[in-house]
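A structural walkthrough
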Amino acid sequence: MLAQFPAVGAFALAIALVLAPAAQYGPRAPAAPKAPTAPKAPSSQDGGSGKSKSSKSVRPAGFWYGTKKAPAKKKGAIRVAAYNVENLFDGVDDPALQGEYDDIKMVTKEGRLQALADAIERLDADILCVEEIESLECLTWFRDKYLKKLGYEHAYSEDVGYYRGVEQGCLSRFPIVSHKTYVAESLEDMVGKRDGEGWTTKKGESEDKFQRSPLRLDFDVDGYRLTLFAVHYKAGGKAFAYQREGEALQPIEFVKDILKEDPAANVAVLGDFNASPSDKTTKAFVEAGFRSAYDFRVTKKGNTKDLYTTHDSGRAIDFIMMSKGMADDAVASSFFVLSVVHPASDYDWRKDPEKEKVPPGYASDHYPIAIDIMPKDGPAKPAAPAKGKAPAGEPAPAKDKAPAKAPEGDGADED
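Residues numbered from 1 in each chain as written. Predicted model: local features only at pLDDT ≥ 70, side-chain atom pairs only at ≥ 80, totals over all residues. Heavy atoms only, no water.

1. As for the overall build of the protein
Rules: Secondary structure elements are taken from DSSP: a helix is a run of H or I of four residues or more, a strand is a run of E of two residues or more, and numbering for both begins at the N terminus. Only protein chains enter the accessibility calculation, which uses a 1.4 Å probe. A residue is then buried if its area is under 20% of the maximum for its type, exposed if over 50%, and partly exposed in between. The contact definition used throughout considers only heavy atoms, calling two residues in contact when any of these lie within 4.5 Å. Here the open area of atoms and residues is found with the Shrake-Rupley method and a 1.4 Å probe, where only the protein chains shown may cover a residue.
Secondary structure assignment for the protein yields six helices and twelve strands. Within the protein, buried positions represent 56% of all 415 residues. The contacts in the protein between residues at least 6 apart in sequence include a share of 81% that link residues at least 24 apart. For the protein, the accessible area works out to roughly 17900 Å², and carbon and sulfur atoms hold 54% of it.

Written out as C-alpha cells, the structure is:
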C-alpha cells in the first residue's frame, strides 16, 4: 500500500463503485441525473451480446445506460475523461497490417464517425484519453474533420506493439509536455507484488508483457501539473485475469515512483480495465490507496447500476483511478457516464464484425466516463481551438514494422 495514501479496507471498492451506496464527499449537485427512460434491461449473463435469455421480448435500440446530457462544468475545472472508441480506423492503408488484420477492412463507417463526434462534443472533456485508435495520423484526421470546433489543439498516440494495430491516444486542450510508452516493459517482476488474498493463480502460459502498453502523458495546465496513464488491459474473461492483474500492478508501481518524488502529485490511471468492480484487477488500485472516480458520482443511493454501466454488456469496466493529490482536487458529485446509443437486445456483435447492422447513432460498445478536477493553483485556461493541423513536435508512431503475432484464440472482437 502506498505510504502516502490512507488505509483502504478490503471491501472499500464495493463502496467506491457502482453497486453500493456511499457517503457523500462534499455537497450534492442541485439535481441528480436520471437514468435514461427505457424498459428494464435484459440480463448481462449472455456473454456480452445484450440478448436476454429469460425473455422473448426485444428491447429496442436506444440510450440504455449513463446520462444523456453531461452535467455542467464548474468555472475553472478541468474535465478528464476516458473513452474506448471501438476500433477507430481511417481509410489510409497501413502496409504493416495485412491478412486477417488488414486495416482497410476495418475502416470506420461514416455513421459511427458522426456518432463518436457527437458523443465527444456532448462529453466536453478538456483532456480525453481514448482507446482503440489506429494511429496518431488517424486521430488527428478524425479530430481535424469531425472535432475541429472543440479546441483539441494537442493530440498524441503511439504504437504499442499490438498485432491488431490499435493503441491508446489523447486529445487535449492543454499542452502535452511529455509522453512515454512501455512497449518493452516486462511484467515478470510483478509476481512478487501479489500480496494478500484474491489473486488469480497462474494457469498455463501467460504473457509476461503488456498486450497494449500504457501511454503516459504529462500535462501543464497553467502551472497545474497532471500525469495520466492511459491503459487498455487484456480482454477475454476469467481466462486472462492473471495477465490483467499484472497489467494493473505495473502502473501502480509507476505511480509509486512518481509519488516518491512528489507525494502530492496529481496522477491517474484511466481507461478500459476489462474488469468489473469486484475483480482483483480493479481492487488492486483501491487496496493500493487510489481513489476511484466513482467515489465522486452524483447518485449513490438506490439502484444506480444503469447510470454507471460503461459497456454494452451491462458491466462497469472503465475506470479513472486517482492518486490522493488528484482526488483531493476532484469536484464533488462530478463523475458521470455519458449515454450513447445501445443496439437492440437481439443484436449479436459476433455476427456483425464490420458493424453493418448497428442502429443509427451507434458510436461504440463502450461509454465515455469523466470527472472534473479543480486546480488548486488557479483556474484552468483552455487552449485556443485547433486550426486543422497536427501540433508540431508530436511525432507520428513508426509503422514500418510487422505487427506482433496474434496469440491463439484472440481476435479483433476484443473490448
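2. Some remarks on the packing of aromatic side chains
What counts is decided by this rule: Put simply, two rings from Phe, Tyr or Trp (the six-membered ring, in Trp's case) pair if the centres are within 6.5 Å, and we call them stacked under 30 degrees between planes, edge-to-face over 60, tilted for the rest. Put simply, a charge is over a ring when the Lys NZ or the Arg CZ is close to the ring centre, within 6 Å, and near the line of the ring normal, within 35 degrees.
If you walk through the whole model with that rule in mind, you get 15 aromatic pairs. Ring geometry for Y182 versus F229: centroids 6.4 Å apart, planes at 40°, classification tilted. Here the residue Y182 occupies a position in the loop between β5 (176–181) and β6 (215–221), and F229 occupies one in strand β7 (residues 224–232), the gap between them amounting to 47 residues. As far as the burial class goes, Y182 and F229 line up, both buried. Considering the side-chain rings of Y294 and F319, the 5.5 Å spacing of their centres and the 55° angle between planes classify their relative orientation as tilted. Highlighted residues: Y294 in the loop between β9 (291–292) and β10 (318–322) and F319 in strand β10, separated in sequence by 25 residues. Overall, Y294 belongs to the buried group, its relative accessible area being 0%. Of the aromatic side chains, those joined through ring pairs into one cluster are Y233, F273, F285, F290, Y294, Y308, F319 and F335. The ring of Y152 carries the charged tip of R173 above its face, separated from the ring centre by 5.0 Å. Sitting over the face of the ring of Y308, R297 holds its NZ or CZ atom 6.0 Å from the ring centroid.

3. Describing the packing of helix α2 (residues 110–123) against helix α3 (residues 136–146)
Inclusion rule: Only the stretch in contact is used when a helix axis is fitted, and all axes are lines through C-alpha atoms; the angle between N-to-C directions ranges over 0 to 180 degrees. Should an angle fall under 35 degrees it is called roughly parallel, over 145 degrees roughly antiparallel, and 65 to 115 degrees roughly perpendicular, with every other angle called oblique. Residues are grouped as follows: nonpolar covers Ala, Val, Leu, Ile, Met, Phe, Trp, Tyr, Cys and Pro; charged covers Asp, Glu, Lys and Arg; every other residue, Gly included, is treated as polar.
Here α2 crosses α3 at 75°, and the two axes come no closer than 11 Å. Here α3 runs roughly perpendicular to α2, going by the angle between their axes. Here E110, L113, Q114, L116, A117 and I120 of α2 come into contact with α3, specifically with W141, F142 and Y146. Taken together, the residues of the contact of α2 with α3 break down into seven nonpolar, one polar and one charged.

4. Concerning the sheet that holds strand β3 (residues 154–157)
Put simply, the test is: Two strands make a pair as long as DSSP finds a minimum of two bridges between them.
Reading across the sheet, the six strands line up as β3-β4-β2-β1-β12-β11 and stay open at both edges, with mixed pairing between neighbours. In this open sheet, the two edge strands, each paired with only one partner strand, are β3 and β11 (336–337). Note: strand β1 (residues 78–88) against strand β2 (residues 127–133), six bridges, orientation parallel. For Y83, the partnering residue across the bridge sits in β2 and is V130. Contacts from α2 reach β1, β2, β11 and β12 (369–373), with the element oriented near 170° to β1. Along the sheet, α3 contacts β1, β2, β3 and β4 (167–172); its crossing angle with β3, the most-contacted strand, is approximately 150°.

5. Re α3
Where burial is concerned, most of α3 is hidden: eight out of the eleven residues are buried. Looking only at α3, the buried set comprises L136, C138, L139, T140, F142, R143, D144 and Y146. On its buried side, α3 packs onto β1, α2, β2, β3 and β4.

6. Quick notes on the environment of I120
Positionally, I120 belongs in helix α2. A relative accessible area of 1% places I120 in the buried class. Measuring from C-alpha to C-alpha, the distance between I120 and P368 comes to 8.2 Å, with 248 residues separating the pair along the chain. For I120, the residues in contact, after removing those within four places along its chain, are Y83, L128, F142, L147, L150 and Y152.

7. Re the nonpolar core
The criterion, for reference: For this analysis, a nonpolar core means a set of buried residues of the types Ala, Val, Leu, Ile, Met, Phe, Trp, Tyr and Cys, connected via side-chain atoms within 4.5 Å.
By size, the foremost hydrophobic cluster in this structure holds 97 residues, and its most contacted members are L228 and M322. In contact with L228, not counting residues within four places along its chain, are V80, I127, C129, L215, R216, L217, F219, A268, L270 and M326.

8. Observations concerning the side chain of D218
Applicable threshold: Under the rule applied, a polar contact is a pair of N or O atoms within 3.5 Å (in protein, one hydrogen donor and one hydrogen acceptor; residues adjacent in sequence only if both atoms are side-chain atoms).
Within the secondary structure layout, D218 lies in strand β6. Judged by relative accessible area, which is 8%, D218 ranks as buried. At a separation of 3.1 Å, a polar atom in the side chain of D218 contacts the side chain of R216. Ignoring any residue separated from it by four or fewer positions in sequence, one finds D218 in contact with P175, I176, V177, S178, L226 and T227.

9. Here's the deal with the confidence of the model for the protein
Put simply, the test is: For every residue, the predictor reports its confidence as pLDDT, a number between 0 and 100.
Per-residue pLDDT for the protein has a mean of 81; in total, 73% of the residues score no lower than 70. Across residues 1–33, confidence stays below pLDDT 50; counting only partners more than four residues off in sequence or on other chains, it has 82 contacts. Every residue in residues 383–413 is under pLDDT 50, and counting partners more than four places away or in other chains gives 73 contacts.

10. Points about the pairing of β12
Burial analysis of β12 places five of its five residues in the buried class, the great majority of the element. A two-sided burial pattern is seen for β12, the buried positions comprising I369, I371 and I373 on one face and A370 and D372 on the other. Looking at chain direction, β1 and β12 are connected through five bridges and run antiparallel. Bridging from a neighbouring strand, R79 pairs with D372 of β12. Pairing geometry for β11 and β12, over two bridges, is antiparallel.

11. Describing the packing of helix α4 (residues 241–261) against helix α5 (residues 280–287)
Note the threshold: If you view the pair so one helix is near and one far, a crossing is left-handed when the near helix is turned anticlockwise from the far one by less than a right angle, and right-handed when it is turned clockwise.
Closest axis-to-axis distance for the α4/α5 pair is 8 Å, and the angle between their directions is 25°. The orientation of α4 relative to α5 falls into the category roughly parallel. Considering only the axes of α4 and α5, their crossing is right-handed. For the pair α4 and α5, the contacting residues are A241, R244, E245, A248 and I252 in the first and K280, T281, A284 and F285 in the second. Tallied by class, residues from the contact of α4 with α5 come to five nonpolar, one polar and three charged.

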